[in-house]
Amino acid sequence: MFTNAPGKRLLPVVLLSSSVFLAACSDDSDDFSSLPGAGYQADIVYTEYGVPHISADDFGSLGYGVGYAYARENFCTVMREYVLSAGESSRYFGDEGNFETDLVVKWFNSDARIQRIMDEDLPEYVVENLTGYAAGINRYLNETGVDNLAEGEEGCRGEPWVREIDVFDVVRMIHKTVLRASGLAVQSGLSFPAFMVAAAPDDTVAALAVPEGMDAKQVLMASLDRDAIAGGLMPPVEQMGSNAYAIGEQASQSSAGLLFGNPHFPWQGQERFFMFHVTMGDDYDVLGAALGGLPAPVIGFNRDVAWSHTVSTGNPRTTFHELTLNPENPLQYLYDGELRDFTAETVTAERRNEDGSIETVEHTFYASHIGPVVDLGALSDLLAGWPNALGTVLSYRDANRENLRGLDQWINMGKAKNLGELKDALRAIGIPWVNTIAADRYGDAFYGDVSAHPHASTQLVENCVRGLLQQTLTDAGFLTVDGSDSACELGQDDDTVAGVFGYDNLPKLETREYGANANDSYWLPNPRQLLEGFPEIIGLERVEQSRRTRATFVQAEQRMAGSDGLGEPGFNIDNLRELSFQAKNYTADLVLDEVLTVCGTLPEDPMAGVSSVQEACSILSAWDRHHRIDSVGGHVFYEFWREMRGTADMWATPFDPADPVNTPRDLDIENPDVAQAVVDALTAGVQTLADAGIALDAPWGEVQFDEKNGVRYPIHGGSGDMMFSVITSGLVEGEGYSDIRHGNSYMQAVTWDETDCPVAYNIITYSQSTDPASPHYADMTELYANSGWIDAAFCPEEIEAKEIGRMTITQ
């Protein structure tokens, strides 16, 4: 256990104006006066662990309070992201920046585009909210001064890139976040920014050379970089994922619904969650969390409804469109039998050279009416050039380009009085790349992949994937259609923006039992209620599920039956929270018995004594098959499984679409190749730990930890390939799994009783602040290390009881 309970720490608050500093001086609560001002006014009450409760009379003031509260703990983190979103990473961060991305960001986030988004797509109150947010960020900077800002890994004290921001900066950063699964996706050798930057017209038309004995498709397929394609354009599920349950009345021990949400997001940078509570009268009252730079909770709960999100498999949110060029003018393309001009737009960005000088570079991007032109030379040399080897070019449409509808949508979700109103809010299709899981106090539950999917119907794919290039790229996983035919434009549903599927045509489950998702497709939201018949671009059906998805449903079904040792059947707020903190290794349950059988066949050598592999087997035999902080053997199994999981034909019982939760299973150790793979994997895993200097019999909490200000906090949970409770951490020589990159982040469990106040618990695993000097830099991490939760303060009397400080800020 840890000392120095954080519930009543003093708050070093800086208030009112850049020349007036007031610090907290009471161990219970602090009253701060405010100077008169004009434009914005927000009240902020802090409860234990640094959770701000912000109230205001208008959305501009609400944004002002949220921006200020966030900046007090994370100014440097979000300031760095504003630099990136302005296309200035190479200018200020040198080799740590990405100049190709800078150029593309300059194009996506040009002043004209941002102005158009604000004028045409955002309601006035949302613009006021974002403008107020910028003012709150600036207030903190002006009060603190650049030379007094945070230090540490995410600090920016004295940095030249620190500056005031405006509403354009706020919108640019949100737009960049929205595009992370499409136009700004960079992963495993594939980079949309690189695709765009590489697209430049040449003077000559290339030709596809087909060797004798091969057809053109064979040539093109053989040229594709399979490793790059296999990597995809979204980070692996271990890096960006989530778990969530929506529990209805039939699966609950009461008549009310329950919600468990647990995004697996980065522990560093702007994509860390920040917990806060916003109130504007009776109309809008939400406690939850958002990524840095967002002024309203995107995951949260109110008096009647709770929701969470999980990353959807429908990524990237793009389609390629092949265009036939005018052979006499490569800056023209054919559309419905007529020639059209590509539009050219030149951007300017700065980069730092090796000698420290700053160079200004111009780059011209080209676009069709569909979207930017791209060069896929990274996939195949035959796809490089303008034109490519087939004499064409590719343009791409991005379902999330200029999609900031989610800002209005999330606020409307927060206003919902029941699940029906929340579903109505989802009809805007503003959520960019996540599923929604929700429940309400009336016992209804919901799962839906209601997000911005390209409107590529099965019929469109059948009719419009034409010719060699389109078919080849589509077969490789990149839907490509005929861009020269208006009949092949993406579809449009009623009351939905063009090019994306509408609410009624997207997969969803409405239930009184339960629904869940752990980053596989929509197909399996409940073992008894499969969703089928949707276009493949949304997700795959009747395919093998991840082991984490299977664990999600196995433990839910055990809870429904009351067979998990947690009491009578059905969910309640206590056993729902316990499911995550058990840190049970589902993969070990699948294979460890067979592994130990193989261990029993290892020859003994009395002269040599017990080998390290035999010692590992002994440890695994005694292991509790969990990754709690006192569990011994989890790291041995993890390193074994990292080596073993790619083994071909390892399962005796193959995948069965009729039983997706329980198949495949049974490690086929009767197959000598599989049995040998077990031995080889154990040997390699033991060697990995020996090379890193990690004892085989070390408790998990000594092996996996988060070090903050010299204190090591043991962290339970482990790889998303093995279990429900996810922590993705790199092995550091001489330390252990101390490089935690992603995993459990903002966690919430919510239900309701007969009172108006929701019954809710939440926590942010890595704490609220990135500032090592903040009292809220490690306090929630300490709580999480001890398997604790915050008893969330929502109603006024609860907030008052847990108050540790307050302020009123005006401008």
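Residues numbered from 1 in each chain as written. Predicted model: local features only at pLDDT ≥ 70, side-chain atom pairs only at ≥ 80, totals over all residues. Heavy atoms only, no water.

Visitor: Just checking my understanding: could you explain the packing of helix H5 (residues 124-144) against helix H6 (residues 167-178) for this structure?
Guide: Helices that pack against each other are described as a pair by the angle of their axes relative to one another and the distance between those axes. Where H5 meets H6, the closest approach of the two axes is 8 Å, and the angle between their N-to-C directions is 105°. Between H5 and H6, the angle is such that the two are roughly perpendicular. Seen from H5, the contacting residues are Val-127, Leu-130, Thr-131, Tyr-133 and Ala-134; seen from H6, they are Val-167, Val-170, Val-171 and Ile-174. (Axes fitted to C-alpha atoms, helices over the stretch in contact; angles between N-to-C directions. Helix = DSSP H or I, 4+ residues; strand = E, 2+ residues; numbered from the N terminus. Parallel < 35°, antiparallel > 145°, perpendicular 65-115°, else oblique. Contact = heavy atoms within 4.5 Å.)

Visitor: Before we go on, may I ask you to explain the packing of aromatic side chains in this structure?
Guide: One pair of aromatic rings is described through two measures. These are the centre distance and the angle between the planes. Considering all chains together, one arrives at 34 aromatic pairs under this definition. Between the aromatic rings of Trp-267 and Tyr-766, the centroid separation amounts to 5.5 Å while the plane-to-plane angle is 70°, which identifies the pairing as edge-to-face. Taken together, the residues Trp-267 in the loop between strand E6 (258-266) and strand E7 (273-280) and Tyr-766 in the loop between strand E30 (759-764) and helix H21 (779-785) connect sequence positions 499 residues apart. Accessibility classification places Trp-267 together with Tyr-766 in one group, the buried group. Taken together through their ring pairs, the aromatic side chains of Phe-192, Phe-195, Phe-320, Tyr-396 and Phe-478 make up a single cluster. Between the NZ or CZ atom of Arg-351 and the centre of the ring of Phe-99, over which it lies, the distance is 4.6 Å. A cation over a ring is seen here: Lys-708 above Tyr-777, with NZ or CZ 4.3 Å from the ring centre. (Phe/Tyr/Trp six-rings, centres within 6.5 Å; stacked < 30°, edge-to-face > 60°. Buried < 20%, exposed > 50% of the residue type's maximum accessible area, 1.4 Å probe, protein only. Lys NZ or Arg CZ within 6 Å of the ring centre and 35° of its normal.)

Visitor: How do you make sense of helix H1 (residues 59-85) when you look at a structure like this?
Guide: Residue pairs three or four apart in sequence face the same way in an α-helix, which turns once every 3.6 residues. Over its 27 residues, H1 extends only 24 Å from the first C-alpha to the last, a length that falls short of the 39 Å expected when each residue adds 1.5 Å. The largest bend along H1 measures about 100° and falls at Asn-74. With 25 of 27 residues buried, H1 is to be regarded as a mostly interior element. Measuring from the backbone nitrogen of Gly-60 back to the side-chain oxygen at the start of H1 gives 3.1 Å, which picks out Asp-58 as the cap. At the C-terminal side of H1, Gly-87 shows a positive phi close to 70°. (Expected span 1.5 Å × (residues − 1). Bend = angle between axes of the 7 residues up to and from the residue. Polar contact = N/O pair within 3.5 Å; in protein donor to acceptor, adjacent residues only side chain to side chain.)

Visitor: Even after reading the chapter, I still don't get helix H3 (residues 99-108), so can you show me in this structure?
Guide: Of all ten residues making up H3, eight are buried, and the element is well covered by its neighbours. With a side-chain oxygen lying 3.1 Å from the backbone nitrogen of Glu-100, the N-terminal cap of H3 falls on Asn-98.

Visitor: I tried to follow the sheet that holds strand E9 (residues 299-301) on my own but got confused; where do I start?
Guide: Strand pairing in a sheet takes place through backbone hydrogen bonds and is either antiparallel or parallel in direction. The strand order across the open sheet built from ten strands is E21-E19-E18-E10-E9-E8-E7-E2-E1-E32, with neighbouring strands paired in mixed fashion. Two strands in the sheet have a free side with no partner beyond their single neighbour: strand E21 (508-511) and strand E32 (803-810). Across the sheet, the mean angle separating the axes of adjacent strands is 20° when strand polarity is ignored. Note: strand E10 (residues 305-311) against strand E18 (residues 434-440), seven bridges, orientation antiparallel. Note that in E18 the partner of His-309 across the bridge is Thr-436. Where helix H11 (residues 419-426) meets the sheet, its contacts fall on E10, E18, strand E19 (445-448) and E21, and the angle it forms with E18 comes to roughly 160°. (Pairing = 2+ DSSP bridges.)

By themselves these figures say nothing about function.
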